[in-house]
Amino acid sequence: MARRFAVLALCAAGPLQSEAAAANPIRKVVTMLQNMQQKVTEEGKRELELFDKFVCYCKTSGGKLTQSISDAESKIESYGSELKA
């Protein structure tokens, strides 16, 4: 009878230990921080790609913008002379 009780006690204690390890608050915090670190790293990679695209756009669109401004200024002058005539 004592053996049965000892076996039952050990079987009942096994799941409690694993549940205690799974519910360990320090482990939860560490896991949460690791997940946050992974998310921040992924977001950083995405932001770096977007920044590179933005820099490329800024470098290539400067000439186009200057050209469109000069075209618009010449149109303004021609429209102004047409209005005066």
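Now for a quick tour of the structure.

What counts and how
- Residues numbered from 1 in each chain as written.
- Predicted model: local features only at pLDDT ≥ 70, side-chain atom pairs only at ≥ 80, totals over all residues.
- Heavy atoms only, no water.
- Helix = DSSP H or I, 4+ residues; strand = E, 2+ residues; numbered from the N terminus.
- Buried < 20%, exposed > 50% of the residue type's maximum accessible area, 1.4 Å probe, protein only.
- Areas by Shrake-Rupley, 256 points an atom, 1.4 Å probe, with all protein chains shown as cover.
- Patch = residues over 30% accessible without salt bridge, like charges linked within 9 Å, V, L, I, M, F, W, Y side chains within 5 Å.
- Salt bridge = Lys/Arg side-chain N within 4 Å of Asp/Glu carboxyl O.

**Regarding the overall build of the chain**
Part 1: The helix and strand tally for the chain stands at two helices and zero strands.
Part 2: Buried positions account for 1% of the 85 residues belonging to the chain.
Part 3: Surface accessibility of the chain: about 8,100 Å² in total, with carbon and sulfur atoms responsible for 65%.

**Description of a nonpolar patch on the surface**
Part 1: Taken together, V29, M32, L33 and M36 make up a surface patch of nonpolar side chains, about 370 Å² in accessible area.
Part 2: Structurally, V29 can be placed in helix α2 (residues 25-84).
Part 3: Judged by relative accessible area, which is 41%, V29 ranks as partly exposed.

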